[in-house]
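# Report on the structure
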Amino acid sequence: MNHLFDLSRTAPVAVLSPDPRREDGVPLIDPIRLYDQIHPEAEVAVLTTHTAARNLRELMPDLAVWGGAVRIVRPGAAPDDPKHRHPLVKITPGRSDEALREIHHQLLGRTLVYSTTTPQPGNSRPPVPGDRSSHAPDDIEHLRTLLAAEKRTTSSLRQDVRRLSKALRAAEERAEIDTPTIYADPEQQFRYELDQCWLRMIAEPDRPSQPLAPFTLGPDWLTSLHAIELVDRRKIVEVTVEVLTGLAAAIPGRQVHRMRARDERGGVPLVRADQAVAMRCHLKNQTSAAPRLMWWRLPDQSIELARVALHDDTHLR
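These numbers were taken from a predicted model, which means no experiment stands behind them.

### Considerations on the overall build of the chain
- Regarding its fold elements, the chain presents 8 helices and 11 strands.
- Put simply, 55% of the contacts in the chain that link residues at least 6 apart link residues at least 24 apart.
- Accessible surface computed for the chain: about 18700 Å², of which carbon and sulfur atoms make up 51%.

What follows is the structure, encoded as structure tokens:
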């Protein structure tokens, strides 16, 4: 797997899948015969089990090879390449010469011509596992070496794909572009960012049932966005959308709860003179000082965004 995506690789690779009619992992064409015809201009790799072929198909559907077919993986391959860049050659049982000609053409760009004369002694092809013909000891040892190498490749396939998937997700996150600043007024800009985030997060069919609740910005809201350093602005906007749509209450990690006033009674729900109820939720978990987002829920169910602050900073007005 690593070799297929190695950017320093300069030769194409023919990846052979097992014959679907057999359980022993033997391909429909002889890998050694193919190797002798294309080496050193191209390489051969063999998926030695049907499980390996299925795993590759599940993990890398666009570069998969199965059912006895052969995938030509060209140099410079990447996991997200379009499948037409790496052609699939289908093999018809009993017509290996045709298949070898097509593979040879795809790999090297020229047609392979076979002699119709009877092979001379010493030039017969080495047998592959499962053939009824006899095996020379050197041939068997060579095939065992090939099989061992391919089994090692197959066993590392899942780890490689997980690593590549993780790297891709990280790259996508790094490539995300923050909502541009288009308003000089901070409140207008924040409302614009909320609208854009809501459009990204909520699928169109769900928008009528998950609108942004009516809201206002408290006197400390915009100032607190610049004061907090443990959470970037994009994350604050995303969690604010969750609060305003009601989604935050259904996300266990947000831990939405009422704030309490600390007094001699041991802490009672914090309620403002206008009967607004103080609420807060987690912005991030398992981080130093555990930053929170705080808001007032008014009697008419509208929301006043209050502050973003650290866990122990509960000042509200």
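### Some details on the pattern of salt bridges
- Enumeration according to the criterion identifies 7 salt bridges in this entry.
- Residue arginine 191 pairs with glutamate 187 through a salt bridge whose shortest N-O separation is 3.2 Å. One end of the pair is arginine 191 and the other is glutamate 187, both in helix α6 (residues 186–201) and 4 residues apart, which spans about a single turn.
- The class of arginine 191 is partly exposed, set by a relative accessible area of 27%.
- Using a relative accessible area of 32% as the deciding quantity, one classes glutamate 187 as partly exposed.
- Residue glutamate 242 pairs with arginine 254 through a salt bridge whose shortest N-O separation is 2.6 Å. A residue pair is termed long-range when its members are at least 10 positions apart, and glutamate 242 in helix α8 (residues 233–245) and arginine 254 in the loop between α8 and β6 (257–258) qualify at 12 residues.
- Within this structure, Arg272, Asp274 and Glu304 form a network of salt bridges that share partners.

### So, the pairing of strand β11 (residues 303–309)
- Within β11, 7 of the 7 residues are buried, which leaves it mostly tucked inside the rest of the structure.
- In the sheet, strand β5 (residues 215–217) pairs with β11 via 3 bridges, with the strands oriented parallel. Bridge pairing in β11 places leucine 217 opposite leucine 305.
- Here strand β10 (residues 292–297) runs beside β11; their pairing, made up of 6 bridges, is antiparallel. Across the sheet, residue methionine 294 finds its bridge partner in β11, namely arginine 307.

### Quick look at the sheet that holds β5
- Taken in spatial order, the 5 strands of this open sheet run β5-β11-β10-β9-β6, and their pairing is mixed. Edge positions in the open sheet fall to β5 and β6, since each of these has one partner strand only.
- Where β6 meets strand β9 (residues 277–282), 2 bridges bridge the pair, whose relative direction is antiparallel. The partner of histidine 257 across the bridge, within β9, is arginine 280.
- Relative to the sheet, α6 contacts β5 and β11, its axis offset from that of β5 by approximately 140°.

### A short note on the pairing of β10
- A large share of β10 lies buried, amounting to 5 of its 6 residues.
- Inspection of the sheet shows β9 paired to β10 by 6 bridges, in the antiparallel sense. What sits directly across from cysteine 281, in β10, is leucine 293.
- Between the end of β10 and the start of β11, which pair antiparallel, lie 5 residues, with glutamine 301 showing a positive phi angle near 70°.

### A word on the environment of valine 256
- In this structure, valine 256 sits in the loop between α8 and β6.
- Other than its neighbours up to four places away in sequence, valine 256 contacts Ala248, Ala249, Met279, Arg280, Cys281 and Trp295.

### Section: the packing of α6 against α8
- One way to put it is that α6 packs onto α8 with a least axis distance of 9 Å and a crossing angle of 70°. Between α6 and α8, the interaxial angle falls into the category roughly perpendicular. Contacts between α6 and α8 involve Gln189, Phe190, Glu193, Leu194, Cys197, Trp198 and Met201 from the first element and Arg233, Val237, Glu238, Thr240, Val241, Glu242, Leu244 and Thr245 from the second.
- Of the residues belonging to the contact of α6 with α8, the class tally is 8 nonpolar, 3 polar and 4 charged.

What counts, and where the lines are drawn
Residues numbered from 1 in each chain as written. Predicted model: local features only at pLDDT ≥ 70, side-chain atom pairs only at ≥ 80, totals over all residues. Heavy atoms only, no water. Helix = DSSP H or I, 4+ residues; strand = E, 2+ residues; numbered from the N terminus. Contact = heavy atoms within 4.5 Å. Areas by Shrake-Rupley, 256 points an atom, 1.4 Å probe, with all protein chains shown as cover. Salt bridge = Lys/Arg side-chain N within 4 Å of Asp/Glu carboxyl O. Buried < 20%, exposed > 50% of the residue type's maximum accessible area, 1.4 Å probe, protein only. Pairing = 2+ DSSP bridges. Axes fitted to C-alpha atoms, helices over the stretch in contact; angles between N-to-C directions. Parallel < 35°, antiparallel > 145°, perpendicular 65-115°, else oblique. Nonpolar A, V, L, I, M, F, W, Y, C, P; charged D, E, K, R; others polar.

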